[in-house]
Amino acid sequence: MTGLKKAGSNWVDGDRFFDRHAELNVLMERVQNGTHTLLTAQRRMGKTSLVRELLRRLEAEGSFETVFVDLEDVRTAADAVVEIGVESRHVHGAWDRIKAGFGNVLRTVEGRVDTLDIGEVRVKLRAGIDHGTWRQKGDDVCAALANNERPVVLALDELPILVNRMLKDHDHQIMSQGKQDVDELLSWLRKIGQEYREKICLILSGSIGLEPILHQAGLSAHANIFSPLDLKPWDEKTALGCLAALAETCGLDLPLAARQQMCRRLRCLVPHHVQRFFDSLDEDLRLDSRRQASLEDVERVYTSEMLGIRGQADLDHYESRLKLVLGRDGYRAALSLLTEAAVNDGVLPRAAIDRYTEQFRTWAVTDRPVPIGEVLRVLEHDGYLEPRGDGYRFVSGLLEDWWRARHGRHFIPVERRSGLQGA
Ligand SMILES: Nc1ncnc2c1ncn2[C@@H]1O[C@H](COP(=O)(O)OP(=O)(O)OP(=O)(O)O)[C@@H](O)[C@H]1O
Ligand SMILES: [Mg+2]
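What you see is a predicted model; the values in this text were computed from it and never measured. Each chain has its residues counted from 1, following the order in which its sequence is written. All chains are assigned letters beginning with A, and all ligands numbers beginning with 1, in the order in which they are written. Where local features are concerned, this predicted model is filtered to residues with pLDDT of at least 70; where side-chain atom pairs are given and counted, the filter is 80 or more; whole-chain, interface and lining totals use all residues. Only hydrogens and water are set aside when side-chain values are computed; all heavy atoms of the structure are taken into account.

Topic: the site of ligand 1
Our working rule: One heavy atom suffices: a residue is near a molecule or strand as soon as one of its heavy atoms comes within 4 Å of it. For this analysis, a polar contact is any N or O atom pair within 3.5 Å, provided that within protein one partner can donate a hydrogen and the other can accept it, and provided that sequence-adjacent residues contribute only side-chain to side-chain pairs. The method behind every accessible area is Shrake-Rupley, applied with a 1.4 Å probe, and residues are considered shielded solely by the protein chains displayed. Grid points spaced at 1 Å over the protein atoms alone were grouped into cavities, where a 1.4 Å probe fits but cannot get out, and pockets, open sets with protein on both sides within 12 Å along at least five of seven lines, with lining residues defined by an atom within 4 Å of a point. In this description, a molecule resides in a pocket or cavity if more than half of its atoms sit within 2 Å of the grid points defining it. Helical segments are the DSSP runs of H or I of at least four residues, strand segments are the runs of E of at least two, and each set is numbered from the N terminus. We call Asp, Glu, Lys and Arg charged. Ala, Val, Leu, Ile, Met, Phe, Trp, Tyr, Cys and Pro are nonpolar, and the rest, Gly among them, are polar.
Taken together, 22 residues lie around ligand 1, and Asn 10, Arg 43, Thr 48, Ser 49 and Gln 275 are the ones closest in. Here an oxygen atom of ligand 1 sits 3.1 Å away from a polar atom, N or O, in the main chain of Met 45. Ser 49 has a polar side-chain atom sitting 2.5 Å from an oxygen atom of ligand 1. Compared with its free state, where it exposes 630 Å², ligand 1 has 96% of that area covered by protein. Structurally, ligand 1 is housed in the largest pocket. Counting residues per element, the ones that place at least two in the shell around ligand 1 are α2 (47–61) and α12 (271–287). The residue makeup of the shell around ligand 1, split by class, is eight nonpolar, eight polar and six charged.

Quick look at the structure:
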């Protein structure tokens with residue numbers, strides 16, 4: 001077993017990246033065939049890491065050039081084109097053409113690409129694009145990329161966050177202008193994907209699902225040119241291997257039984273949770289000057305650390321993404337459904353869903369009934385719940401325990417409530 005460096009709080013590649021051989025092979029093959037991909041997975045499954053590692057390997061192997069664009073902080077289609085332009089500066093055969101496409105704006109930006117002031121380039125590019133011209137400028141940038149000698153893999157991370165932001169107002173209601181703007185952006189992306197099939201390969205990914213958002217807006221057909229790839233949790237063998245490799249690097253004696261107990265606790269082996277658990281255990285034992293982990297240590301750290309303040313900080317991140325997708329009323333509904341399941345041993349029976357469906361009709365803050373089917377669709381897509389019988393159950397033991405610890409204490413299950421007032 002070779003050692004594996006511990007992950008920080010961000011994405012990993014190289015000597016911090018573990019496994020995912022099958023997915024990397026599939027993506028390598030798709031890139032070679034010019035197949036565009038929509039990478040989907042629950043939160044923290046390692047989407048960004050997988051794409052980063054793929055790009056790293058493609059660069060090392062030399063037959064492709066790669067562009068990684070993070071759209072998390074982007075607000076409009078024009079901003080997105082600016083980011084694609086800025087990140088394309090490393091593609092040698094494209095940058096001069098991109099600069100030329102922006103005419104005078106970039107005339108004063110000289111010098112070697114790796115010494116450029118990126119903030120300055122971004123501001124200048126932004127000044128050269130507006131709502132009326134973003135498509136033309138976007139075409140220019142992509143034509144420049146397509147003209148590069150080697151084909152380019154263009155990865156757009158967090159596109160669903162941008163789409164969600166463009167689509168909805170402060171109350172998380174879909175605006176007709178937003179719908180039109182998203183329609184235009186996705187049509188453009190689709191055109192680029194089709195027109196430059198041999199020269200630009202697109203990989204989309206994001207920490208919220210694109211499909212549920214497009215479904216909310218009735219724009220699902222836009223995802224058609226992308227072949228989905230669903231990134232699954234690790235199986236137990238892989239997670240055990242990752243824990244062993246981390247333990248070796250850190251000089252920790254972590255017996256098989258202890259590693260198995262860690263997997264049992266997590267139930268769903270999301271790489272981030274596996275890493276987080278290891279890190280908490282390793283640190284806890286270091287503070288006690290010990291280098292040997294027992295089953296009791298695993299249990300203690302699970303309760304005190306994973307379910308404690310540090311773990312709860314991770315949960316904040318989950319909740320904020322849910323709010324982003326579902327809006328205020330939808331989030332309240334999700335909160336009730338998940339807590340209902342958490343206090344009921346992780347199971348959400350059909351009878352409870354039916355009771356809530358009745359309630360949600362009446363307590364929407366914004367006067368609109370909460371579409372419970374849509375809330376469940378997002379919860380399933382984001383990996384909180386999976387169908388079981390005619391109801392649902394929590395997928396992850398950790399999320400279930402987190403949710404119970406945070407929201408379950410004063411919660412009264414729906415069937416024990418009198419009347420049908422708010423949850
Ligand atoms: N292949 C891997 N090998 C080792 N650790 C991994 C791997 N993939 C993910 N991780 C762990 O998961 C964490 C999150 O990874 P990453 O940011 O790539 O996930 P993500 O799915 O993009 O998350 P988000 O949903 O927030 O966008 C990393 O910091 C790392 O600890
Ligand atoms: Mg990510």
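Description of the environment of Gly 101
Put simply, the rule is: Contacts: residue pairs with any heavy atoms within 4.5 Å of one another.
Within the fold, Gly 101 resides in helix α4 (residues 92–101). C-alpha of Gly 101 to C-alpha of Arg 291: the two residues are 190 residues apart in sequence and 59 Å apart in space. Leaving out residues up to four positions away in the same chain, Gly 101 has contacts with Lys 137 and Asp 140.

Examining the packing of aromatic side chains
Short version of the rule: Pairing of aromatic rings covers Phe, Tyr and Trp, the last counted by its six-membered ring, and requires centre-to-centre distances within 6.5 Å; plane angles under 30 degrees mean stacked, over 60 mean edge-to-face, and any other angle means tilted. The buried label goes to any residue with under 20% of its type's maximum accessible area, the exposed label to any with over 50%, and the partly exposed label to all in between, with areas taken from a 1.4 Å probe on protein chains only. Distance and angle both matter: a charge sits over a ring if NZ of Lys or CZ of Arg is within 6 Å of the ring centre and within 35 degrees of the ring normal.
In total, this model carries seven aromatic pairs according to the counting rule given. For the ring pair Trp 134 and Trp 188, a centre distance of 5.8 Å and an interplane angle of 85 degrees mean the geometry is edge-to-face. Of this pair, Trp 134 sits in helix α6 (residues 134–146) while Trp 188 is found in helix α8 (residues 176–195), placing the two residues 54 residues apart along the sequence. Here the two residues Trp 134 and Trp 188 agree in accessibility, since each one is buried. Between Tyr 384 and Trp 403, the aromatic rings sit 6.2 Å apart at their centres with planes inclined by 80 degrees, giving edge-to-face as the arrangement. Within this pair, whereas Tyr 384 is found in the loop between α16 (372–381) and β7 (385–388), its partner Trp 403 is found in helix α17 (residues 397–407), the two being separated by 19 residues in sequence. Across the pair, Trp 403 and Tyr 384 agree in class, each one buried. Its guanidinium or amino end placed over the ring of Tyr 318, Arg 43 lies 5.6 Å from that ring's centre, counting from NZ or CZ.

Such coordinate-based values are descriptive only and should not be taken to indicate function.
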